[in-house]
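Working through the structure, step by step
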Amino acid sequence: MLVDPLDLATWRGSGVLLMGGFLGPERLREVRRWVDEIEALPGGEDGLLQYDETTGDGFSVRCRTENIVPCHDGMRALLTRGALIDIASTLLGEPAVLYKEKINYKQSGGAGFAPHQDAPAYPFVRCTITCMIAIDDSTTDNGCLDIVEGMHHDPLPTDDVGCIPAYLAEILPWKSVPVRAGSLLWFNWYVPHRSGANISPHRRRAIYLTYNAASDGDHRHHYYQEKRHRLAAGTDRISLIGHFTGDSHVSTQDTQESV
Ligand SMILES: O=C(O)CCC(=O)C(=O)O
């Protein structure tokens, strides 16, 4: 899939690009099956990072998986070859390389994310762009992203956990961005974003792929080493910044209770 030149103007002007219908119905079914397989894998296998959260009603549920590429052939092919990397390269204006990948599951009752830019969480590179692949319809009820368009050129101040301070977040012009399952939402690392809890009865899964320009180097391995190192000191964080508003913990179990 190529990015049409008009959309490139939207991308450059806003730092955000919605691309509908990337995964057709059959491909979406296949990717959903992969997501189910990955969610059920035990943490630690081939470096897989599994994170759970305790929801308000006391259930421990999977909230995030990272470092998927070494563990899943189908996902590795989808994320590192073909159309997605081609689009990432077009949007970056030069060849792209995968920086990191994750699935956020946002189960029913799952928590949201505080206002943040991605830049403080992604060391070693000058810029990243992220692609959200909606695995389920992402809606205002189940915690779709809210973003601020046109603020994609500069870093904003951060609070003590690396997020956008409340005094600033409350005056930004947030816009909710529902995304249909199978569609893509691209945004660059300075785009302010946040999301609410999932107050619907159904899960809202999304894959997030982050790419950097190959001229900045291939840092995927380095990033995961750094993440393990920085988060080794007994923290329950799921990221290098403290944006997740839920009660998270690294998964130590092979199986989990489900809602
Ligand atoms: O999945 C979401 O609701 C938001 C995710 C997000 O902003 C992040 O993982 O950095």
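Residues numbered from 1 in each chain as written. Predicted model: local features only at pLDDT ≥ 70, side-chain atom pairs only at ≥ 80, totals over all residues. Heavy atoms only, no water.

1. Overview of the packing of helix α2 (residues 25-40) against helix α3 (residues 73-80)
Contact geometry for α2 and α3: axes closest at 10 Å, N-to-C directions at 125 degrees. Viewed along their axes, α2 and α3 adopt a mutual orientation that is oblique. As for the relative orientation of α2 and α3, their crossing is left-handed in sense. In this structure, α2 uses R27, V31, W34, V35 and I38 to contact α3, whose residues at the interface are G74, M75 and L78. Split into classes, the residues belonging to the contact of α2 with α3 amount to six nonpolar, one polar and one charged. (Axes fitted to C-alpha atoms, helices over the stretch in contact; angles between N-to-C directions. Helix = DSSP H or I, 4+ residues; strand = E, 2+ residues; numbered from the N terminus. Parallel < 35°, antiparallel > 145°, perpendicular 65-115°, else oblique. Left-handed = near helix turned anticlockwise from the far one by under 90°. Contact = heavy atoms within 4.5 Å. Nonpolar A, V, L, I, M, F, W, Y, C, P; charged D, E, K, R; others polar.)

2. A closer look at the packing of aromatic side chains
Following the criterion strictly, the structure yields seven aromatic pairs and no others. On the numbers, 5.4 Å between centres and 55 degrees between planes, the contact of Y99 with Y122 is tilted. You can see Y99 sitting in strand β4 (residues 96-104) and its partner Y122 sitting in the loop between β5 (113-116) and β6 (128-134), a full 23 residues away along the chain. Measuring from ring centre to ring centre gives 6.3 Å for Y122 and Y223, while their planes differ by 85 degrees; the resulting arrangement is edge-to-face. (Phe/Tyr/Trp six-rings, centres within 6.5 Å; stacked < 30°, edge-to-face > 60°.)

3. Observations regarding the confidence of the model for the protein chain
With 95% of its residues at a pLDDT of 70 or more, the protein chain shows a mean pLDDT of 92. Low pLDDT, under 50, characterises residues 254-259; the stretch is placed with 13 contacts to residues that sit more than four places away or in other chains. (pLDDT = per-residue confidence, 0-100.)

4. Re the nonpolar core
By size, the foremost hydrophobic cluster in this structure holds 37 residues, and its most contacted members are M75, L84, W186 and Y211. Each residue touching L84, except ones within four places of it in the same chain, is listed here: F22, L78, L79, C131, I133, L184, W186, L209 and Y211. Formed by 19 residues, the second largest nonpolar core is a distinct cluster that contains Y51, F113, V125 and L231. (Core = buried A, V, L, I, M, F, W, Y, C linked by side-chain atoms within 4.5 Å. Buried < 20%, exposed > 50% of the residue type's maximum accessible area, 1.4 Å probe, protein only.)

5. Quick look at the side chain of K100
If you trace the backbone, K100 turns up in strand β4. When residues no more than four places from it in sequence are discounted, the contact partners of K100 are R64, E66, Y122, Y208, L209, T210, R220, Y223, Y224 and K227.

6. Description of the pairing of strand β2 (residues 49-54)
Counting buried positions along β2 yields five of six residues, so the element is predominantly enclosed. Alignment of β2 against strand β3 (residues 60-66), held across six bridges, turns out to be antiparallel. Paired with L49 across the bridge in β3 is E66. Taking the residues between adjacent antiparallel strands as the criterion, β2 and β3 are bridged by five residues, where G58 takes a positive phi near 90 degrees. Inspection of the sheet shows β2 paired to strand β12 (residues 247-250) by four bridges, in the antiparallel sense. The residue bridging E53 from the neighbouring strand is S248, located in β12. (Pairing = 2+ DSSP bridges.)

7. Details of the site of the ligand
Close to the ligand lie 14 residues; R64, K106, S195, R204 and Y208 are nearest. In this structure, K106 approaches the ligand through a side-chain N or O atom, which is 2.9 Å from an oxygen atom. Here H193 contributes a side-chain N or O atom positioned 3.3 Å from an oxygen atom of the ligand. For the ligand, the protein covers 99% of the area, taking 290 Å² as the surface of the free molecule. For the shell around the ligand, the secondary structure elements donating two or more residues are β4, β5 and β10 (193-195). Looking at side-chain class alone, the shell around the ligand contains three nonpolar, six polar and five charged residues. (Near = heavy atom within 4 Å. Polar contact = N/O pair within 3.5 Å; in protein donor to acceptor, adjacent residues only side chain to side chain. Areas by Shrake-Rupley, 256 points an atom, 1.4 Å probe, with all protein chains shown as cover.)

8. Remarks on the pairing of β6
Counting buried positions along β6 yields seven of seven residues, so the element is predominantly enclosed. Here β6 shows no split at all, with T128, T130, M132 and A134 on one side and I129, C131 and I133 on the other all buried. The sheet contact formed by β6 and strand β11 (residues 206-213) spans seven bridges and is antiparallel. When the bridges of β11 are listed, C131 appears paired with L209. When β6 meets strand β9 (residues 184-188), the two strands line up antiparallel, connected through five bridges. Note that in β9 the partner of C131 across the bridge is W186.

9. Details of helix α1 (residues 5-14)
An α-helical segment advances 3.6 residues per turn. Residues three or four places apart therefore align on the same side. Along α1, the positions that sit buried rather than exposed are L8, W11 and S14. Down the axis of α1, the buried set is contained in an arc of 150 degrees. They therefore lie on one face. Facing away from the buried side of α1 by more than 90 degrees, the exposed set consists of P5, L6, R12 and G13. Buried residues belonging to α1 abut β1 (16-19), α4 (83-92), β6 and β9. Within two residues after α1, G15 carries a phi angle of roughly 80 degrees, on the positive side. (Arc of directions from axis to C-beta.)

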